[in-house]
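Coordinates in review
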Amino acid sequence: MRVLVLGATGYVGSRLVPHLLEHGHEVVAASSSAPDPERFGWDDRVQAVRCDVTDAGAVAQAVTGVDAVVYLVHSLDRTDFTDRDRRAADNVAGAAEAAGVRRVVYLSGLVPDVPEADLSAHLASRLEVERILLAAGTSAVALRAGVVIGAGSTSFEIIRQIATLFLVQPVPTWMYHSVQPVAVSDVLRAVRELLDGPVEGAVDLGGPDVLSYPDLMRTCGREAGLSRLSLPTPVAPPGLVGLATALATTAPFHTVTALIESLHHDMVCRPGRTWAPAQGGELLDVEEAVRRASTPMYAGPEGALPSDPAWTRPLPVLDVVPLPAVGKAAARLAVHRVRSLLG
């Protein structure tokens, strides 16, 4: 199958391209700037193209001659992400239908069981894009995933940085909701299997474990050999929590605040609408997923991909400095702040 991956140089996309190649697919890797196959270690089965999804002409050209489209584009790091993502989804839906694309797979986010008016702007935008793509005149599936556990994953790295930096972790009481994380390796497998199959509509994706956000932070701490104390905080406005989290991590401000807004509800899979591997095998549990994401093979400098955000990458020099984990986390944050000030 010839597969167009839109957002190929993002976190999931850069890992999905070689995964699809390993399973015999041809891949057209597209991003807003033409990706360099040599930089990513892709072979000659990958056709790298430039495609700004807000440009209808570029999208129409990119979908020509492909059997399936994997849509991985999200503009979370921009203040105008809602309008931009809506325009992009309209372009992809129209182009896929016009070109006779057989299948569209969209990686979305879990949607909590609450009135739509209560959704964060981030989740509301994901749901809007999902509806646009599913309404196109082609077979389509929206894969709704929760927290993706993997070295370099935005949501996981924010949680891991907080779990490492603070000996005592103030946790707002409104964050004691359930979450169902999933390993990035299982995300890749789900996307690949859904490229060809009868499943349509919105399907949820989560690992076998359901736990609270504080429990997930404690799991990250345990894997790092750290003991942390969670301190419930009854009065903590979301805006203030978002600002404090942005200041305490190396993640971009808009990314942090958008994700913080999504923590007000349970983020778990719907019974009867949850993806299960067609070829058998179990999904990784939280402990194993965090353990793999914390090993030097993935979490060290050699495990990072060129597409991983700079703020998620480790600093090799800190590996040889005799500092405790909290000291290294603080030093990493300080270096990031200095670099930001220096431009």
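Residues numbered from 1 in each chain as written. Predicted model: local features only at pLDDT ≥ 70, side-chain atom pairs only at ≥ 80, totals over all residues. Heavy atoms only, no water.

1. Concerning the packing of aromatic side chains
For the coordinates displayed, the defined rule picks out two aromatic pairs. Taking 4.8 Å as the distance between ring centres and 15° as the angle between the ring planes, the aromatic pair formed by F40 and W42 counts as stacked. Accessibility expressed as a relative area gives 13% for F40, which makes it buried. According to the relative accessible area criterion, W42 is buried, its value standing at 8%. Pairing Y71 with Y106 gives two aromatic rings, centres 5.7 Å apart and planes at 50°, and the pair type is tilted. Of the two residues, Y71 is situated in strand β4 (residues 68-71) and Y106 in strand β5 (residues 103-109); the sequence distance between them amounts to 35 residues. For Y71, a relative accessible area of 0% gives the class buried. Assessed through its relative accessible area of 1%, Y106 is described here as buried. (Phe/Tyr/Trp six-rings, centres within 6.5 Å; stacked < 30°, edge-to-face > 60°. Buried < 20%, exposed > 50% of the residue type's maximum accessible area, 1.4 Å probe, protein only. Helix = DSSP H or I, 4+ residues; strand = E, 2+ residues; numbered from the N terminus.)

2. Details of the pattern of salt bridges
One pass over the structure, following the stated rule, counts 15 salt bridges. The partner of R86 in a salt bridge is D83, and the shortest N-O contact between them spans 2.9 Å. With R86 and D83 both in helix α4 (residues 81-99), this residue pair falls three residues apart, about one helical turn. Taking the relative accessible area as the measure of exposure, R86 reaches 29% and is therefore partly exposed. (Salt bridge = Lys/Arg side-chain N within 4 Å of Asp/Glu carboxyl O.)

3. A short note on helix α11 (residues 286-294)
By the burial criterion, the buried members of α11 are V286, A289, V290 and A293. Burial along α11 is one-sided: seen end-on, the buried residues are contained in an arc of 95°. For α11, the N-terminal capping position is held by D285, with its side-chain oxygen 3.3 Å away from the main-chain nitrogen of E287. (Arc of directions from axis to C-beta. Polar contact = N/O pair within 3.5 Å; in protein donor to acceptor, adjacent residues only side chain to side chain.)

4. Re the packing of helix α3 (residues 56-63) against α4
Between α3 and α4, whose axes approach to 9 Å, the crossing angle comes to 40°. Regarding the angle of α3 to α4, the classification is oblique. The hand of the α3/α4 crossing is right-handed. Of the residues in α4, those in contact with A56, V59, A60 and V63 of α3 are N91, V92, A95 and A99. Counted by class, the contact of α3 with α4 contains seven nonpolar, one polar and no charged residues. (Axes fitted to C-alpha atoms, helices over the stretch in contact; angles between N-to-C directions. Parallel < 35°, antiparallel > 145°, perpendicular 65-115°, else oblique. Left-handed = near helix turned anticlockwise from the far one by under 90°. Contact = heavy atoms within 4.5 Å. Nonpolar A, V, L, I, M, F, W, Y, C, P; charged D, E, K, R; others polar.)

5. Let's talk about the environment of H177
Within the secondary structure layout, H177 lies in the loop between β8 (168-172) and β9 (178-179). For H177 and H265, which are 88 residues apart along the polypeptide, the C-alpha to C-alpha distance reads 6.0 Å. Setting aside its immediate chain neighbours within four residues, H177 contacts L211, S212, Y213, L263, H264, H265 and D266. Looking at H177, its side chain comes within polar contact range of the side chain of D266, at 3.3 Å.

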